[in-house]
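# Structural description and commentary
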Amino acid sequence: MEAIVITGAGTGLGKQLALKYAKKGHPIILMGRREYPLFAVKQEIEANEGQAFIYTLDIRSYEDVCQVSAQIIQQHKIGCLINNAGIGHFGSLASLTCEQIHEMIETNVCGTIYMTKAFLPYFQTLPKAKIINIISTAGLRGKVNESVYVATKFAVRGFTESLVKELENTPISITAVYMGGMDTPFWEGTDHIQDRSRLLPPEQIAEYIIQNENGQAEMIIESNKLL
Ligand SMILES: NC(=O)c1ccc[n+]([C@@H]2O[C@H](COP(=O)([O-])OP(=O)(O)OC[C@H]3O[C@@H](n4cnc5c(N)ncnc54)[C@H](OP(=O)(O)O)[C@@H]3O)[C@@H](O)[C@H]2O)c1
């Protein structure tokens, strides 16, 4: 089976996608900046007879992305890239620092674009390939105290919708996934969400994506679809 590349695979949704796709028999390429969460996921996959490989990188660096993706392409047969890594800083626009603004734009927007640009020429040599961009309902509508995060997710939406058109009539599918709040480490260090019990478990969102993803241009996962 072809391997699946997942950014941000050490925690949250990326981890759950990694565990579930591994159970289906796909080798998983686990990516992120920190090795230890990726290592724990690799161990869990291997304990269930799956295969996983770790590549650490910072997706904000185009140099890093090019170097690591070239290694992966040389060492594995990849069929799918999941651009999942992302970060958020929340609060009024006045309260955000320029560093936080840049961090969100560089991770959520540039990181997704760099990874896609790095894998696309390889995917174009294959009979079939998939790119899945994890966005958020923040890519569909504005939200209070989320202005820059929402701006980055609208940017990824525009990028994805444009690539859908650019890659029309090719064997590469590209899917934008829009989901609501999930209970993941994403919310650690912020009081933006007061009641985390309302957030959905990432296991449930990962399962929904795997069951329903079929190369369509977009998947909107509102919580009532999961009840
Ligand atoms: N949680 C929610 O409510 C929610 C809702 C809708 C959409 N989303 C989106 O879902 C995606 C996954 O988020 P999550 O909730 O699962 O949060 P999470 O647990 O914080 O996962 C984000 C992952 O991205 C990795 N990452 C961050 N910056 C990176 C960088 N520069 N280079 C490489 N990896 C990087 C992190 O690992 P390292 O720190 O080790 O690099 C982390 O494992 C994000 O795109 C998020 O915007 C989240």
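Residues numbered from 1 in each chain as written. Predicted model: local features only at pLDDT ≥ 70, side-chain atom pairs only at ≥ 80, totals over all residues. Heavy atoms only, no water.

## Topic: the packing of aromatic side chains
Keep this limit in mind: Each aromatic pair joins two rings of Phe, Tyr and Trp (for Trp, the six-membered one) with centres within 6.5 Å, and gets the label stacked for planes under 30 degrees apart, edge-to-face for over 60, and tilted for any other angle. The classification of residues rests on relative accessible area computed with a 1.4 Å probe and restricted to protein chains. Under 20% of the type maximum is buried, over 50% is exposed, and intermediate values are partly exposed. For a lysine, the NZ atom is tested; for an arginine, the CZ atom; a charge sits over a ring if that atom is within 6 Å of the ring centre and within 35 degrees of the ring normal.
Taken as a whole and assessed by the stated rule, the structure comprises eight aromatic pairs. Between the aromatic rings of Tyr-122 and Phe-123, the centroid separation amounts to 5.9 Å while the plane-to-plane angle is 45°, which identifies the pairing as tilted. Phe-123 matches Tyr-122 in its accessibility class, with the two residues each being buried. Following the ring pairs from residue to residue traces out a cluster consisting of Phe-90, Tyr-149, Phe-186 and Trp-187. Geometry around Phe-53 places Lys-42 over its ring, the cationic atom sitting 5.8 Å from the centre.

## Concerning the side chain of Asp-58
The condition is simple: Runs of H or I in DSSP of at least four residues are treated as helices and runs of E of at least two as strands, each being numbered from the N terminus. Polar contacts, as used here, are pairs of N or O atoms within 3.5 Å; protein pairs need one atom able to donate a hydrogen and one able to accept it. Residues neighboring in sequence count only if both atoms are side-chain atoms. Residue contacts are defined here by distance: any two heavy atoms, one from each residue, within 4.5 Å place the two residues in contact.
By the element assignment, Asp-58 lies in the loop between strand 3 (52-56) and helix 3 (62-75). At 2.7 Å, the side chain of Asp-58 and the side chain of Arg-60 are in polar contact. Residues contacting Asp-58, with those up to four places away along its chain left out, are Arg-33, Asp-64 and Val-65.

## Quick look at the sheet that holds strand 1 (residues 3-7)
Rules: Strands are labelled as partners when DSSP assigns at least two bridges between them. Fitted lines through C-alpha atoms serve as axes, helices being fitted only where they are in contact, and the angles separating the N-to-C directions of these axes extend from 0 to 180 degrees.
The seven strands are arranged 3-2-1-4-5-6-7 in an open sheet whose pairing can be described as parallel. Strands at the two margins of the open sheet, each flanked by one partner only, are strand 3 and strand 7 (218-221). In this sheet, neighbouring strand axes are inclined to one another by 15° on average, regardless of whether the strands run parallel or antiparallel. Where strand 5 (residues 129-134) and strand 6 (residues 172-179) come together, six bridges link them in parallel fashion. Bridging across to strand 6, Ala-129 finds its partner in Ile-172.

## So, the site of the ligand
For clarity, the cut-off: By convention in this text, a residue qualifies as near a molecule or strand provided that one of its non-hydrogen atoms is within 4 Å of it. Here, Shrake-Rupley sampling with a 1.4 Å probe gives the accessible areas, and only protein chains in the shown set may cover a residue.
Taken together, 29 residues lie around the ligand, and Thr-11, Arg-34, Tyr-149, Met-182 and Thr-184 are the ones closest in. At 2.6 Å from an oxygen atom of the ligand is found a side-chain nitrogen or oxygen belonging to Tyr-149. A distance of 2.6 Å is found between an oxygen atom of the ligand and a side-chain nitrogen or oxygen belonging to Thr-184. In isolation the ligand offers 880 Å² of accessible surface; the protein chains occlude 95% of this area.

## Notes on the nonpolar core
In plain terms, the rule: Buried Ala, Val, Leu, Ile, Met, Phe, Trp, Tyr and Cys residues that are joined via side-chain atoms within 4.5 Å together make up what is termed a nonpolar core.
Membership of the largest hydrophobic core comes to 30 residues, with the highest contact counts inside it found for Leu-17 and Ile-209. Here this core takes six residues from helix 1 (residues 12-23), the largest share from any one element. Beyond its immediate chain neighbours, meaning those up to four positions away, Leu-17 contacts Ile-6, Ile-82, Ile-134, Ala-206, Ile-209 and Ile-210. One finds Tyr-55, Val-68, Ile-72 and Leu-167 within the second-largest nonpolar core, a separate group that totals 27 residues.

## Brief notes about helix 5 (residues 147-166)
This is how the line gets drawn: Helix span is expected to be 1.5 Å times the residue number reduced by one.
Taking 1.5 Å of rise per residue, the 20 residues of helix 5 would be expected to cover 28 Å, and the 28 Å separating its terminal C-alpha atoms lies within 8% of that figure. What helix 5 keeps buried is the set Val-148, Tyr-149, Val-150, Thr-152, Lys-153, Val-156, Phe-159, Thr-160 and Leu-163. Along its buried surface, helix 5 packs onto helix 4 (98-123), strand 5 and strand 6.

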